[in-house]
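Understanding the architecture of this molecule
These are the residues of each chain, in order.
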Amino acid sequence: MDIVYYLNIVLEGLFKFIFNITRTTNRWTGILLISMLTAPGIILVIRWVSNQERIKWAKEKIKGNLLGLIIFNNDLHLIFKHILRVFLFNFIYLANSLKAVIIIFIPLLLIMSQLKHWYNWDPLQVGEKSTLYLSMDKTIDLSNKPFLLENKDIKIAKGPSYFHDINLVVWEFYPIKKGKGNIFLIIGKDTIPKEIIVSDSTLPISPMKNRRSFSLFSSWEKNLPEDVPIREIEVKYPRKELFIGRFQISWWLLFFLCAIISGFILARIFRTEI
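In short, a report on the structure. (Residues numbered from 1 in each chain as written. Predicted model: local features only at pLDDT ≥ 70, side-chain atom pairs only at ≥ 80, totals over all residues. Heavy atoms only, no water.)

Our next topic: the overall build of the protein chain. Looking only at helices and strands, one finds five helices and 10 strands in the protein chain. Over its C-alpha atoms the protein chain spans a radius of gyration of 25 Å, topping by over 25% the 19 Å that the globule rule assigns to 274 residues. The dimensions of the protein chain, computed from C-alpha atoms along their principal axes, are 75 × 45 × 40 Å. Taken across its 274 residues, the protein chain has 42% of its residues classed as buried. Contacts in the protein chain between residues far apart in sequence, at least 24 positions, make up 68% of those at least 6 positions apart. (Helix = DSSP H or I, 4+ residues; strand = E, 2+ residues; numbered from the N terminus. Rg over C-alpha atoms; globule rule 2.2 N^0.38 Å. Buried < 20%, exposed > 50% of the residue type's maximum accessible area, 1.4 Å probe, protein only. Contact = heavy atoms within 4.5 Å.)

Rendered as structure tokens:
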């Protein structure tokens, strides 16, 4: 069952709805919006699940022993004593935060996956040359040549080029119409589709199609069938560049910076120990 595929259908619809109603679909401000929506959820989970009193106590002990390191920096015995206590109380702090971290981890992973598909790549443009990589099983002889079908969505510019030592087949192609299209690979009696996105707008992009059942950050298309001699199909998309003024910034860094800042502000408002 393609769990990632069906999960991402739901999540993509949710993100598209949020971006559309806030008119942030084609802007980096959409990342800020998602991070600011994520932060209160994280803070509330930490508040409800973690042992707040124990965390506060451990943090106070850590501060006290760090202060002791500064005050008694000439006494080797006390230095080692305070260092050991810092490690001990850090362990207590982490142990009391662990349950919240585990609960937060999976939703955060899904959010990061969505943001990567929306903001890591730009769609192809009509007439813009791209590359298709086909990785085949090592046990398969490449003399059984795969065939790329030219259709209403693409025109083949070059290929196939065979790299027998790594079982890789490469084509160069260019899209000939906007929208969601398909590339069709024919191997024997099997016809395998691979989605391509051609647009001037920001849209979620899945550059790969593979066999892995849980590949959140590389593919969210239906898995390749187990009985075809293909490990992976990849379409080369241009990297998206995000600028704030003159400064280029990565989408993940922007997300984490905003989420952390929002989280600290909300932690004070909700009086939550983090």
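Below, the discussion takes up unusual backbone geometry. Omega for the bond connecting Gly159 with Pro160 falls within 30 degrees of zero, at 10°, which places this linkage in the cis form. Within the element layout of this structure, Pro160 appears in strand β3 (residues 154–163). In this model, Asn167 sits at a positive phi of 55°, which is unusual for a non-glycine residue.

This part takes up the sheet that holds strand β2 (residues 147–149). Strand order across the open sheet formed by three strands is β2-β5-β6, with antiparallel pairing between neighbours. Two strands close off the open sheet at either side, each with one partner strand: β2 and β6 (190–198). Across the sheet, the axes of successive neighbouring strands diverge by a mean angle of 30°, strand direction being ignored. Pairing geometry for strand β5 (residues 179–187) and β6, over nine bridges, is antiparallel. By the bridge assignment, Phe184 is partnered in β6 with Pro193. (Pairing = 2+ DSSP bridges. Axes fitted to C-alpha atoms, helices over the stretch in contact; angles between N-to-C directions.)

Before going further, it helps to spend a moment on the packing of aromatic side chains. Overall, the coordinates contain five aromatic pairs when judged by the stated rule. On the numbers, 5.0 Å between centres and 75° between planes, the contact of Phe19 with Trp118 is edge-to-face. With Phe19 in helix α1 (residues 3–21) and Trp118 in helix α4 (residues 76–119), this residue pair connects regions lying 99 residues apart in the sequence. For the pair shown, Phe19 and Trp118 are each scored as buried. Ring plane angle 70° and centroid distance 5.4 Å describe the contact between Phe255 and Phe256, whose orientation is recorded as edge-to-face. (Phe/Tyr/Trp six-rings, centres within 6.5 Å; stacked < 30°, edge-to-face > 60°.)

A separate point is the packing of helix α3 (residues 52–71) against α4. When two helices pack together, their arrangement is captured by the angle between the axes and the distance separating the axes. Packing of α3 against α4 brings their axes to within 9 Å, and their N-to-C directions diverge by 160°. Taken together, the axes of α3 and α4 are roughly antiparallel relative to one another. As α3 packs across α4, the resulting crossing turns out to be left-handed. Contacts between α3 and α4 involve Arg54, Ile55, Trp57, Ala58, Lys59, Lys61, Ile62, Asn65, Leu66, Gly68 and Leu69 from the first element and Ile79, His82, Ile83, Arg85, Val86, Phe89, Asn90, Ile92, Tyr93, Asn96 and Ser97 from the second. (Parallel < 35°, antiparallel > 145°, perpendicular 65-115°, else oblique. Left-handed = near helix turned anticlockwise from the far one by under 90°.)

We now examine the nonpolar core. Residues Leu132 and Leu134 are the most contacted members of the largest nonpolar core, which totals 24 residues. Ranked by the residues each element gives to this core, the list is headed by β6, at four residues. Residues contacting Leu132, with those up to four places away along its chain left out, are Leu148, Val169, Val170, Trp171, Phe173, Ile183, Leu185, Ile233, Glu234 and Val235. Counting residues in each nonpolar core, the second largest holds 16 residues, with Ile18, Ile34, Ile111 and Leu115 among its members. (Core = buried A, V, L, I, M, F, W, Y, C linked by side-chain atoms within 4.5 Å.)

Sheet architecture is open: five strands sit in the order β3-β4-β1-β8-β7, paired in antiparallel fashion. A single partner strand is all that each edge strand has here, and the edge strands are β3 and β7 (208–210). Strand-to-strand twist across the sheet, computed as the mean angle between neighbouring axes with direction ignored, equals 15°. By the bridge criterion, five bridges tie strand β1 (residues 130–136) to strand β8 (residues 230–235) in an arrangement that is antiparallel. Each residue of the ladder has a partner; that of Met136, found in β8, is Ile230.

Okay, the pairing of β8 next. Across three bridges, β7 lies against β8 in antiparallel orientation. By the bridge assignment for β8, Lys209 is matched with Ile233.

It is worth spelling out the side chain of Ser262 at this point. For Ser262, the location among the structural elements is in helix α5 (residues 251–269). A polar side-chain atom of Ser262 sits 2.8 Å from the main-chain carbonyl oxygen of Cys258. The contacts of Ser262, once residues within four sequence positions are left out, are Met36 and Ala39. (Polar contact = N/O pair within 3.5 Å; in protein donor to acceptor, adjacent residues only side chain to side chain.)

Read these as geometric descriptors, not functional statements.
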